[in-house]
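So the chains spell out like this:
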Amino acid sequence: MPNRKKPKVYITRRLPDQVETRMRELFDAELNITDEPRAQPELVAAMRSADVLVPTVTDKIDAALIEQAGPQMKLIANFGNGVDNIDVDAAQKKGITVTNTPNVLSDDTADMTMALMLAVPRRLTEGANVLVGNDGSWKGWSPTWMLGHRIGGKRLGIIGMGRIGTAVARRAKAFGLSIHYHNRRRVDPDTEDQLEATYWDSLDQMLARVDIVSVNCPSTPATFHLLSARRLELMKPGAYIVNTARGGIIDEDALIKALREGRLSGAGLDVFEHEPAVDKRLVKLASEGRVVLLPHMGSATMEGRIDMGDKVIINIRTFFDGHRPPDRVLPLRS
């Protein structure tokens, strides 16, 4: 950007070195060296002094914070696909553009979804834990020991057939699963034919018929507790749930109750309703082999994080070159 003042960019968390170096080359970028989450006063100060805020899913950029933004704050370039951490409507009213980083994490998240889909019924973490710090309790192979369930031949119900959901479906089909899905709208006929997928406009009806449920829809007010206590009761006895989307899409209390009562066989969770807190009841269920818990690492690949950083940089440069950034996010309209 010759002969132009570099925009002041405030980054809330530590990013891969390659991304941070490029940020420093292109912008007047303030990095987070310690990677400690920014405190609210720090975010307020950034909104009053920086031209661009680069938050992550751990930062709550609500209407109250946005209202305190100075006139120089013009862009919130989210380092992440979901924008449920940002009040996009309040930003638009304040004249602040919001961008995200879509289409770079689909494969990474789909891979992790499949990993959980295998880990829960095949009891992978239980088996691994037998050998960690092995005190001699493992006596060797036995025909009836640590039996799980195969996933081939089972019905998978995908909630949210966007890019990630479709990537999950392609992988699951290769594992011999029958694909069912619920979405706001039906996918194109070619994709449906390739996946041999069955569309359900009624989520209730799909839940009652599948063996494994994969949650891949975005977090919005409409999807909060989409899997409510009532809907969890519709699921087949012995079914499994995998969630790599957002924790609040499932009523966590109702899920714990269903697992405790044995109405569900298990769950694989990479996200939680009250992150970073994890309900102690879930931890106990994990210790009993009823659930597999991961610390929100579905998209955690070096390649994915660098791709996300590249998108943030492109959005910032495009915006300050006077053009509409490619990943602009608009408020949801009911």
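What counts, and where the lines are drawn
Residues numbered from 1 in each chain as written. Predicted model: local features only at pLDDT ≥ 70, side-chain atom pairs only at ≥ 80, totals over all residues. Heavy atoms only, no water. UniProt positions renumbered as here; feature names shortened; annotations may be inferred. Domains from an automatic or database assignment. Contact = heavy atoms within 4.5 Å. Buried area = accessible area lost by both parts, 1.4 Å probe. Salt bridge = Lys/Arg side-chain N within 4 Å of Asp/Glu carboxyl O. Polar contact = N/O pair within 3.5 Å; in protein donor to acceptor, adjacent residues only side chain to side chain. Nonpolar A, V, L, I, M, F, W, Y, C, P; charged D, E, K, R; others polar. Helix = DSSP H or I, 4+ residues; strand = E, 2+ residues; numbered from the N terminus. Phe/Tyr/Trp six-rings, centres within 6.5 Å; stacked < 30°, edge-to-face > 60°. Buried < 20%, exposed > 50% of the residue type's maximum accessible area, 1.4 Å probe, protein only. Pairing = 2+ DSSP bridges. Axes fitted to C-alpha atoms, helices over the stretch in contact; angles between N-to-C directions. Arc of directions from axis to C-beta. Parallel < 35°, antiparallel > 145°, perpendicular 65-115°, else oblique. Left-handed = near helix turned anticlockwise from the far one by under 90°.

The name an unreviewed UniProt entry assigns to the chain is Lactate dehydrogenase, from the organism Hoeflea phototrophica. Among the UniProt annotations of the chain, the heading Sequence similarities (unreviewed entry) holds the following wording: "Belongs to the D-isomer specific 2-hydroxyacid dehydrogenase family."

S.K.: Whenever I open this one, the domain arrangement of the chain confuses me. Can you help?
M.R.: Accessible area lost on assembly of the parts is the figure often given for the size of an interface. Domain assignment breaks the chain into domain 1 (8-100 + 302-329) and domain 2 (105-135 + 147-293). On a C-alpha basis, the centroid separation for the pair domain 1 and domain 2 is 31 Å. Between domain 1 and domain 2, the contact holds five residues from the first and four residues from the second. Carbon and sulfur atoms make up 56% of the surface buried where domain 1 meets domain 2, a total of about 420 Å² over both sides. Taken as a group, Asn81, Asp84 and Gly304 account for 62% of the area that domain 1 buries against domain 2, more than any other trio of residues on that side. Where domain 1 meets domain 2, there are one salt bridge. Measuring nitrogen to oxygen at the nearest pair gives 3.3 Å for the salt bridge that ties Asp84 to Arg246. Linking domain 1 with domain 2 are one residue pair in polar contact (both at pLDDT 80 or more), by the criterion used here. Class assignment for the residues of the side of domain 1 that touches domain 2 results in two nonpolar, two polar and one charged.

S.K.: I'm lost on the environment of Arg24 in this one. Help?
M.R.: As for its placement among the helices and strands, Arg24 is situated in helix α1 (residues 17-26). Expressed as a C-alpha distance, the spacing of Arg24 and Asp84, which sit 60 residues apart in the sequence, is 28 Å. The contact partners of Arg24, leaving out residues within four places of it in the chain, are Lys6, Ala29 and Leu31.

S.K.: Mind showing me how you'd approach the packing of aromatic side chains here?
M.R.: Each aromatic ring pair is characterised by the separation of its centres together with the angle its planes make. Scanning the entire structure with this criterion turns up three aromatic pairs. For the ring pair Trp138 and Trp145, a centre distance of 6.4 Å and an interplane angle of 40 degrees mean the geometry is tilted. Residue class for Trp138 comes out partly exposed when judged on its relative accessible area of 37%. A centroid spacing of 5.1 Å and a plane angle of 45 degrees characterise the contact between Tyr181 and Tyr199, whose relative ring orientation is tilted. You can see Tyr181 sitting in strand β7 (residues 178-182) and its partner Tyr199 sitting in strand β8 (residues 198-199), a full 18 residues away along the chain. Looking at Tyr181, the relative accessible area reads 0%, which means it is buried. Residue Tyr199 is classed as partly exposed on the basis of its relative accessible area of 21%.

S.K.: Mind showing me how you'd approach the sheet that holds β8 here?
M.R.: Strand pairing in a sheet relies on backbone hydrogen bonds, with the paired strands running either antiparallel or parallel. In spatial order, the strands read β8-β7-β6-β9-β10-β11-β12; together these seven strands make up an open sheet with parallel pairing. Two strands lie at the open edges of the sheet, namely β8 and β12 (291-293), each paired on one side alone. Summarising the sheet, strand β10 (residues 239-243) and strand β11 (residues 264-269) pair through five bridges and their orientation is parallel. Paired with Ala239 across the strands is Leu264, a residue of β11. Across the sheet, helix α7 (residues 163-174) touches β6 (155-159), β7 and β9 (212-215), and the angle it forms with β6 is around 170 degrees. The strands touched by helix α12 (residues 280-287) within the sheet are β11 and β12, with β12 carrying the most contacts at an inclination of about 115 degrees.

S.K.: Explain α1 here, please?
M.R.: Side chains three or four residues apart in an α-helix point the same way, a direct result of the helix having 3.6 residues per turn. Along α1, the residues that are buried comprise Val19, Glu20, Met23 and Leu26. Down the axis of α1, the smallest arc covering the buried residues is 135 degrees, so these residues share one side. The inward-facing, buried residues of α1 abut β1 (8-11), β2 (28-30) and α13 (302-320).

S.K.: Sorry, what's going on with the sheet that holds β1 here?
M.R.: Read from one edge to the other, the open sheet built from six strands follows the order β2-β1-β3-β4-β5-β13, with strand pairing classed as mixed. Strand pairing shows two members of the sheet lacking a second neighbour, β2 and β13 (328-329), which therefore form its edges. Sheet topology places strand β3 (residues 52-54) next to strand β4 (residues 75-77); two bridges connect them, and they run parallel. Bridge pairing links Val52 to Leu75 in β4. Helix-sheet contacts for helix α2 (residues 40-49) involve β1, β3 and β4, and the interaxial angle to β1 is about 165 degrees.

S.K.: I tried to follow the packing of helix α11 (residues 252-260) against α12 on my own but got confused; where do I start?
M.R.: For any two helices packed against each other, one specifies the inter-axial angle together with the distance between the axes. Where α11 meets α12, the axes come as close as 10 Å, and the angle between the chain directions of the two elements is 30 degrees. In terms of orientation, α11 lies roughly parallel with respect to α12. α12 is crossed by α11, and the crossing has left-handed handedness. The segment α11 lies against α12, with Glu252, Asp253, Ile256, Leu259 and Arg260 engaging Arg281, Leu282 and Leu285. For the contact of α11 with α12, the class distribution of residues is four nonpolar, no polar and four charged.

S.K.: What's the story with the pattern of salt bridges in this structure? I'm lost.
M.R.: Should their charged atoms come close, side chains of opposite charge can pair. On inspection of all chains with the given rule, the structure shows 20 salt bridges. Measuring nitrogen to oxygen at the nearest pair gives 2.9 Å for the salt bridge that ties Glu25 to Arg22. Here the residue Glu25 and the residue Arg22 both occupy positions in helix α1, the gap between them amounting to three residues, near one helical turn. Judged by its relative accessible area of 46%, Glu25 is partly exposed. Its salt-bridge partner being Glu261, residue Arg263 comes within 2.9 Å of it at the nearest N-O pair. Judged by its relative accessible area of 45%, Glu261 falls in the partly exposed class.

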